[in-house]
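Residue strings, one per chain:
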Amino acid sequence: MRLKLVILALMAFFASIGLAYATVRIHVDLSTQTMHVDSSTGSYTWPVSTARAGYSTPRGYFAPTGLQRMHYSRKYHMSPMPYSIFFRGGYAIHGSYATGSLGRPASHGCVRLAPGNAATLYNMVQNEGGSISITGTPPGGGARYAARSSSHRHYAGLRRAHQNRALAYAPLRRHHHDSTVRGWQAHPFSPGFF
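Position numbers for residues start from 1 in each chain and track the written sequence from start to end. Only residues with pLDDT of 70 or above have their local features reported here, since the model is predicted, and side-chain atom pairs are shown and tallied only from 80 upward, although totals for entire chains, interfaces and linings are computed over all residues. Neither water nor hydrogens contribute to the side-chain values; these are computed over all heavy atoms in the structure.

### Overview of the sheet that holds strand β5 (residues 66-73)
This is how the line gets drawn: A pair of strands is considered paired only if DSSP assigns at least 2 bridges between the two. Secondary structure elements are taken from DSSP: a helix is a run of H or I of four residues or more, a strand is a run of E of two residues or more, and numbering for both begins at the N terminus. Here an angle of 0 to 180 degrees is reported between the N-to-C directions of two axes, which are lines fitted to C-alpha atoms, with helices fitted over the stretch in contact. Working rule for contacts: check all heavy atoms of both residues, and any pair within 4.5 Å makes them a contact.
Across the sheet, four strands lie side by side as β5-β6-β7-β8; this open sheet has mixed pairing. Of all strands in the sheet, those with a lone pairing partner are β5 and β8 (111-113), marking the two edges. With direction set aside, neighbouring strand axes in the sheet form an average angle of 30°. With three bridges connecting them, strand β7 (residues 91-95) and β8 associate as parallel partners. Among the inter-strand pairings, G95 is bridged to a residue of β8, identified as L113. Across the face of the sheet, helix α2 (residues 115-128) comes into contact with β5, β6 (79-88), β7 and β8 while running at roughly 40° to β6.

Here it is in structure tokens:
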């Protein structure tokens, strides 16, 4: 009898540990712009938008660092980020009202979802915890950057041409041609300068 109690106690203990570590597994594939989610409530696959050209979505394995039902991005003009799941600094998985862009790169680096899917994911992570993996290469071979302008030589030439010119304006005295900018700066309201 005592052995049965010990076995039942051990089984209950290991079952509780298993429940404590049950987490939502979130996998973002940058190549296909999709998210696959496995949780105790089921499996889901949703289209996402990750970083567009000139920006990047971090790759790797992460744990949620914070949840916010509604966050407003101070970095990007107070843009709404409903159901935000932060995972690395300012990077988050969140809802987006730009649902027409889902399925292709369109963000500044966050992972965007349709608001309904973001709410579902938010509730799952809030109840069970989560782990996040982001892999793959964005369509088009990664982040692209603007081409270097060939006119930069023109601007550099203008800078050199104007290098020795005065950076301030000082009215000259009408009768004295030996006036200087320093003289005007020292006595700007002197009658001789106007």
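Now, onward.
### Notes on the side chain of S49
Spelled out, the test is: Partly exposed residues are those whose accessible area sits between 20% and 50% of the maximum for their type, while under 20% is buried and over 50% is exposed, using a 1.4 Å probe and protein chains only. Polar contacts, as used here, are pairs of N or O atoms within 3.5 Å; protein pairs need one atom able to donate a hydrogen and one able to accept it. Residues neighboring in sequence count only if both atoms are side-chain atoms.
For S49, the position within the fold is in the loop between β3 (42-47) and β4 (60-62). Of the residues examined, S49 reaches a relative accessible area of 1% and is grouped as buried. For S49, the side chain forms a polar contact with the main-chain oxygen of R104, separated by 2.9 Å. Leaving out residues up to four positions away in the same chain, S49 has contacts with Q33, S101, L102, G103, R104, A106, S107, C110, V111 and R112.

### Some remarks on the pairing of β3
Sheet topology places strand β2 (residues 34-39) next to β3; six bridges connect them, and they run antiparallel. Its bridge partner lying in β3, M35 is registered against W46. Counted along the chain from β2 to the antiparallel partner β3, the turn is two residues long.

### Some remarks on α2
Quick note on the threshold: A helix is expected to span 1.5 Å multiplied by its residue count minus one.
Look at α2: 20 Å from first C-alpha to last across 14 residues, which is about the 20 Å you get at 1.5 Å a residue. Along α2, the residues that are buried comprise A118, A119, L121, Y122, M124, V125 and E128. A positive backbone phi angle near 85° is found at G129, which sits one or two residues after α2.

### Examining the confidence of the model for the protein chain
Defined as follows: Per-residue confidence from the predictor is reported as pLDDT, a score between 0 and 100.
When pLDDT is averaged along the protein chain, the result is 77; 61% of the residues meet or exceed 70. Between residues 15-19, whose pLDDT stays under 50, and residues either more than four places distant or in other chains, the model counts zero contacts. Note that residues 142-162 has pLDDT below 50 and, in this model, seven contacts with residues that lie over four places away or in other chains.

### Remarks on the sheet that holds β4
Ordered in space as β3-β2-β1-β9-β4, the five strands form an open sheet in which the pairing is mixed. In this open sheet, the two edge strands, each paired with only one partner strand, are β3 and β4. Between one strand axis and the next, the sheet turns by 15° as a mean value, whatever way the strands run. Across the sheet, α2 touches β1 (24-29), β2, β3 and β9 (130-135), and the angle it forms with β1 is around 140°.

### Quick look at the environment of A119
As for its position among the elements, A119 is in helix α2. Sequence separation of A119 and Y83 is 36 residues, and the distance between their C-alpha atoms is 5.7 Å.

### With respect to the nonpolar core
As a rule of thumb, nonpolar side chains are buried together in soluble globular proteins. What counts is decided by this rule: By convention a nonpolar core is built from buried Ala, Val, Leu, Ile, Met, Phe, Trp, Tyr and Cys residues, the set being connected through side-chain atoms within 4.5 Å.
Residues I26, V28, M35, I93, L113, L121 and I134 are the most contacted members of the largest nonpolar core, which totals 23 residues. Counting only elements with at least two residues in this core, the list comes to β1, β2, β6, β8, α2 and β9. For this core, the leading source of residues is α2, giving six residues.

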